[in-house]
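Here's the letter readout for the chains.
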Amino acid sequence: MQVLLAGVVAIITLWGLAFFAAPLWAWALCLILSFGVLLQCVTVCPLLVYSTLAVPLLFIGFFSCPWLRRRYVSRWFYNIFRLKLPPMSSTEQEAIAAGQVWWEGKLFQGRPDWNWMLQLPKPKLTDQESHFLMHRVDKLCSMIDDWTVSQKDLDLPPEVWSYLKKERFFGMIIPKEYGGLGFSALAHSTIVQKLATHSLTAAITAMVPNSLGPAELLVRYGTVEQKARYLKKLAMGEEIPCFALTSPDAGSDASALTDVGIICEGEYQGKKIIGMKLTWNKRYITLAPIATVLGLAFKLYDPDHLLGTQEELGITVCLIPTDHPGVEIGKRHFPLHQSFMNGPTRGKEVFVPLDWIIGGGSMIGKGWQMLVECLSTGRGISLPALSTASAKICFRTTGAYAKVRKQFHVSIGQFEGVEAAMAQIGGLTYLIEATRLFTLTPIDQQISPAIVSAIAKYHMTEMGRKVVNHAMDIHGGRGIMLGPNNYLARCYESIPISITVEGANILTRNLIIFGQGAIRCHPYIQREMDAMQNPNREEGLKQFDKALWQHFSYTLCNKARAFFHALTGARFCRAPAKTGLKRYYRQLGRLSVALAFAGDVALITLGGKLKRRERLSARLGDVLSHLYLASAVLKYHHDFGHQKEDEPYVEWCLQSSLYLAQQALFKFCHNFPIRILGKALRWTLFPTGPCHSLPSDHLEHQVAAAMMCPSDFRDRLTQQCYLSQENRDPLFHLEQALKITIASEKVTAKLEAGVKSGVIPKWLDQHAKIAKAVAEKVLAPEEAEMLDRLEDARLEAIRVDEFSKEQLTGK
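Residues numbered from 1 in each chain as written. Predicted model: local features only at pLDDT ≥ 70, side-chain atom pairs only at ≥ 80, totals over all residues. Heavy atoms only, no water.

### Let's talk about the overall build of the protein
Quick note on the threshold: Numbering of helices and strands runs from the N terminus, with a helix taken as a DSSP run of H or I at least four residues long and a strand as a DSSP run of E at least two residues long. Residue exposure (1.4 Å probe, protein chains only): buried if accessible area is under 20% of the type maximum, exposed if over 50%, otherwise partly exposed. Here a residue-residue contact requires only that any non-hydrogen atoms of the pair lie within 4.5 Å. To be clear on the numbers: accessible area is Shrake-Rupley with a 1.4 Å probe, and residue cover counts the displayed protein chains and nothing else.
Helix and strand content of the protein: 34 helices and nine strands. Burial statistics for the protein: of 811 residues in total, 55% are counted as buried. For the protein, the proportion of contacts with a sequence separation of at least 24, taken over those separated by at least 6, is 76%. Surface summary for the protein: the accessible area is close to 36100 Å², and the carbon and sulfur share equals 57%.

Encoded structure:
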């Protein structure tokens, strides 16, 4: 019995050493103490015990001696890993190095500090930004008839273009000293979002000059002369920018650029200078048809060595006035029937000076680095704002429509099938808004969160797609009949645009989120890779040896922690002291440790092959993403004071995120190429089986019910939706119908009771039924007046458009 007890104590002690990543001397001390206890408990030859003890002590001593470890063990791993490390192009290296690590790093390493997260500042607009949003943006929206823009003019009216320029919508990110507005990322996102709830064309037109393009590149990298020449004109709309990156053969793979620049001598303004002869063929370039200044990405070569000994100089970015000889702006593209300006641009052997390179000669060959650094910020602002706008419009209108629209004498929102779809709309909209605000926090702290922005771009656009699809399902024919009264069609048509641009979603999920995240967020992978690429092999081996054994200790620690938290149901994971959501914090902490261990198992066993195992990489990225999204919900709920009416939405989001993260881990284990290791990993992470499920029917009922009632919560979640008070706006009629429907529920019940009793004939139309009810004393005159107004409002809210042949053909 004593031996058994001693054995259990020894196992627990060893597990504790691994759990706390104890140093080797602590392991040696525990071994000596354990064998000392064994001698006291068991009558056995001391020589046998000492000789047995000598083996692990010699093993520990060997690994405690750096030069022995390096010579006989680390060197072997060093050589093996150098062979397994996949070759990386310069564009891949620059993309991985771009941006910074933020909260996702803590999640990836299995050590989320919830108190640190909750203490982050709450996003807040300045007074100037709020005033601009309430007055300038509302004024702009009121000037736009989106149906006319999208069907007849296929462009914004001249007065809208003038207003955009006058109020410096194109200079939101340009500092005030250069004539811009100098707004925060939060303001930029919120302005684009509000515009997009009314007119996608206006939103994209205002968004693009403030996104990846000339203004941002100039602010970050431009020379003093370039900033002085362009920024004020860009802010005032005197110059309209576009940025040309994509070409027929180079989309996601920027290394495939066929657009070239050749360093050569040429003539400019009557003088012979060294410049570049550029040839390009670009497409899908937003604002190109009206641009006055063109940002261009190309590969630069110096075959005659006019600048130095290097011939291939790399991707470079320059600015070219579009009226420069040789610049060709093509005809317009027509992206999914959207009216924002988009088109191709071309040029053949166009000679330009070297000082047109953004940043001057010192930035030659650094174009891709510049672009990915800007993208690591911009990808978290613009497209997520568009998805948020679509989600909020769908949330607000679908909730109202489901209450106003009746079938079988009840609101369609009371049908469980509709209710399930509405719960998806409600929960995902809450999740999208929380993620938008959370992602803007580091950007406004001058952090460029590359992985976070990739998570936001991919998941927010995908969630936006689901929201719009569910809204279309619920609206039925009301959603598919185009016309001025259709408030969903533009959202539905435009979703694939957000899915595709600034990094196609398939690429983002399968290659970027975990692929870049594993290298940037892991505490040792980058150090090991740098050591293997060190040209001084002995110095590299020293660096590799130190990182490698810290890495092994880190992995062993995470395995012990993952299994312990799985066995104990995460009861010992850390959570903030004062919260009613401790179990969610703890479960997220548990899955964070599980991700850290699963990621290490994949990286150690598969090495460079993981790059080609895109599905495995994507699933680990999904785990990281859902942990991040759940964190955003917890932060949002905290920032808004843990309001009770938010609780069903918070629980829906957290339960969904936990379930999806769990399922991603299950699929990862099930599809792991080393089957026995996959099964062992699953048993380690989930020894008692799955522990999370999707939200219950009751919870989904609560989420859906809140969408159909006017409330402070509904207004807060859909704030910054443009809601016109004009009689021609379909959203105005829908809101009016919702208010009257709720106010007249008791009176409606009296009328229905009269019909049911037979006093009022069923075959009469609604207005006739109301008149009959007054005649039969079922309703008072003032009650009848209310129901007449309700019927008029209801019919207007569900009305669809109709057109003559001449109207449809534009005649």
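### Regarding empty space enclosed by the protein
Going by this rule: Grid points spaced at 1 Å and placed over the protein atoms alone form the basis of the search, with a cavity being a set where a 1.4 Å probe fits but cannot get out and a pocket an open set showing protein on both sides within 12 Å along at least five of seven lines. Lining residues have an atom within 4 Å of a point. Grid points are joined across faces, edges and corners, and a volume is the space filled by probe spheres set on the points.
Enumeration according to the criterion identifies one cavity of 30 Å³ or more in this entry. As a volume, the largest cavity reaches approximately 60 Å³. As for the largest cavity, its lining consists of Lys-122, Pro-123, Ala-434, Leu-437, Phe-438, Thr-441, Ala-632, Lys-635, Tyr-636, Asp-639 and Phe-640. Broken down by secondary-structure element, the contributors of at least two residues to the lining of the largest cavity are α17 (416–443) and α25 (614–639).

### Here we look at the packing of helix α21 (residues 505–521) against helix α22 (residues 525–532)
Convention followed: An axis is simply a line fitted to the C-alpha atoms; with a helix, the fit covers only the stretch in contact. Between two such axes, the angle follows the N-to-C directions and lies from 0 to 180 degrees. Any angle that is under 35 degrees is reported as roughly parallel, and any over 145 degrees as roughly antiparallel; angles of 65 to 115 degrees are reported as roughly perpendicular and all others as oblique. Classification used: nonpolar for Ala, Val, Leu, Ile, Met, Phe, Trp, Tyr, Cys and Pro, charged for Asp, Glu, Lys and Arg, polar for all others including Gly.
Taken N-terminus to C-terminus, the directions of α21 and α22 make an angle of 85 degrees; their axes are 6 Å apart at the nearest point. Accordingly, the angle class assigned to the pair α21 and α22 is roughly perpendicular. Counting all contacts with α21, which are made through Ala-518, Ile-519 and Arg-520, the residues of α22 involved are Ile-525, Gln-526 and Met-529. Residue composition of the contact of α21 with α22, grouped by class: four nonpolar, one polar and one charged.

### What about the environment of Lys-667?
Mapped onto the secondary structure, Lys-667 falls in helix α26 (residues 647–670). With a relative accessible area of 48%, Lys-667 lands in the partly exposed category. Measuring from C-alpha to C-alpha, the distance between Lys-667 and Arg-682 comes to 9.6 Å, with 15 residues separating the pair along the chain.

### Brief notes about the pairing of strand β1 (residues 241–244)
Our working rule: Pairing between strands is defined by DSSP: at least two bridges between them are needed.
Residues Pro-241 and Phe-243 line one face of β1 and the alternating positions Cys-242 and Ala-244 line the opposite face, and both faces are buried. Bridge count for β1 against strand β4 (residues 293–301) is four bridges, and the pairing is parallel. From the neighbouring strand, Cys-242 faces β4, where its bridge partner is Leu-294.

### Some points on helix α18 (residues 450–475)
Put simply, the rule reads: Any helix carries an expected span of 1.5 Å times its number of residues minus one.
Relative to the 38 Å expected for 26 residues at 1.5 Å per residue, α18 spans 37 Å between its end C-alpha atoms, a close match to the ideal helical length. Remark: Gly-476 follows α18 within two positions and exhibits a positive phi of approximately 60 degrees.

### Things to note about the pattern of salt bridges
What counts is decided by this rule: Think of a salt bridge as a Lys or Arg side-chain nitrogen and an Asp or Glu carboxyl oxygen that are within 4 Å of each other.
Enumeration according to the criterion identifies 25 salt bridges in this entry. The partner of Asp-259 in a salt bridge is Lys-282, and the shortest N-O contact between them spans 2.7 Å. Of the two residues, Asp-259 sits in the loop between β1 and β2 (260–268) while Lys-282 sits in strand β3 (residues 271–286), which places them 23 residues apart along the sequence. Taken as a pair, Asp-259 and Lys-282 share a single burial class, namely buried. With a shortest N-O distance of 3.0 Å, Lys-750 and Glu-783 are connected by a salt bridge.

### Quick notes on a nonpolar patch on the surface
Under the convention used in this document: Within this analysis, patches are made of residues with over 30% relative accessible area and no salt bridge. Like charges are joined at 9 Å or less; nonpolar side chains (Val, Leu, Ile, Met, Phe, Trp, Tyr) at 5 Å or less.
Judged by side-chain polarity, Ile-274, Leu-306 and Leu-307 come together as a nonpolar surface patch covering roughly 210 Å² of accessible area. Here Leu-307 is to be found in the loop between β4 and β5 (312–321).

### Observations regarding the environment of Tyr-659
Counting through the fold element by element, Tyr-659 comes out in helix α26. C-alpha separation for the pair Tyr-659 and Gln-533, spaced 126 residues apart in sequence, amounts to 40 Å. The contact partners of Tyr-659, leaving out residues within four places of it in the chain, are His-692, Ser-693 and Leu-694.

### Thoughts on the side chain of Asn-210
Under the convention used in this document: Nitrogen and oxygen atoms within 3.5 Å of one another constitute a polar contact, given that in protein one can donate a hydrogen and the other can accept it, and given that sequence-neighbouring residues count only through two side-chain atoms.
Take Asn-210: it is sitting in the loop between α12 (200–207) and α13 (214–221). Only 2.9 Å separates the side chain of Asn-210 from the backbone nitrogen of Met-172, close enough to count as a polar contact. One polar contact links the side chain of Asn-210 to the main-chain amide nitrogen of Ile-173, over a distance of 3.1 Å. The residues touching Asn-210, leaving out its near neighbours within four places in the chain, are Phe-169, Phe-170, Gly-171, Met-172, Ile-173 and His-188.

### Focus: the packing of aromatic side chains
Stated precisely, the cut-off is as follows: In this scheme Phe, Tyr and Trp rings, the latter by its six-membered ring, pair at centre separations within 6.5 Å, and the angle between planes marks the pair as stacked below 30 degrees, edge-to-face above 60, and tilted otherwise. Either the NZ atom of lysine or the CZ atom of arginine qualifies as a charge over a ring when it sits within 6 Å of the ring centre and within 35 degrees of the ring normal.
The tally for this structure, following the rule as stated, stands at 27 aromatic pairs. Through pairs of rings, three or more aromatic residues link up here, namely Trp-102, Trp-103, Trp-114, Trp-116, Phe-438, Tyr-585 and Tyr-628. Directly above the aromatic system of Phe-640 lies the positively charged group of Lys-122, at a separation of 4.4 Å from the ring centroid.

### As for the nonpolar core
To keep things clear, this is the line we draw: To qualify as a nonpolar core, a set must consist of buried Ala, Val, Leu, Ile, Met, Phe, Trp, Tyr and Cys residues joined through side-chain atoms within 4.5 Å.
With 196 residues, the main nonpolar core has Phe-169 and Leu-685 as its most contacted residues. Take this core: its biggest share by element is 14 residues, from α17. In this structure Phe-169 touches Phe-132, Arg-136, Val-137, Leu-140, Tyr-163, Leu-164, Ile-191, Leu-195, Ala-206 and Asn-210, once residues within four positions along its chain are discounted. Residues Ile-174, Ala-215, Leu-231 and Leu-371 belong to the second largest nonpolar core, which totals 26 residues.

### Concerning the state of the cysteines
Here is the rule we go by: The criterion for a disulfide is a pair of cysteine sulfur atoms lying within 2.5 Å.
Taken as a whole and assessed by the stated rule, the structure comprises zero disulfides. For the unlinked cysteine Cys-264, the closest cysteine sulfur is that of Cys-318, found at 13 Å.

### Observations regarding the side chain of His-522
Within the fold, His-522 resides in the loop between α21 and α22. A polar atom in the side chain of His-522 sits 2.8 Å from the side chain of Asp-600. Once you skip the residues sitting within four places of it in the chain, His-522 turns out to touch Phe-108, Gln-109, Gly-517, His-551, Tyr-554, Asp-600 and Leu-603.

### A word on the environment of Val-160
Tracing the backbone through its elements, the reader meets Val-160 in helix α10 (residues 158–166). For Val-160 and Leu-723, which are 563 residues apart along the polypeptide, the C-alpha to C-alpha distance reads 19 Å.

### Section: α10
Heads up, the rule is: It is the directions from the helix axis to the C-beta atoms that the arc portrays.
Along α10, the positions that sit buried rather than exposed are Val-160, Trp-161, Tyr-163 and Leu-164. Along the axis of α10, the buried positions cluster into a sector of 160 degrees, meaning they face one direction only. The exposed residues of α10 that point more than 90 degrees off its buried face are Pro-158 and Lys-166. Next to the buried residues of α10 lie α8 (127–142) and α12. Just past α10, the residue Arg-168 takes up positive phi, approximately 60 degrees.

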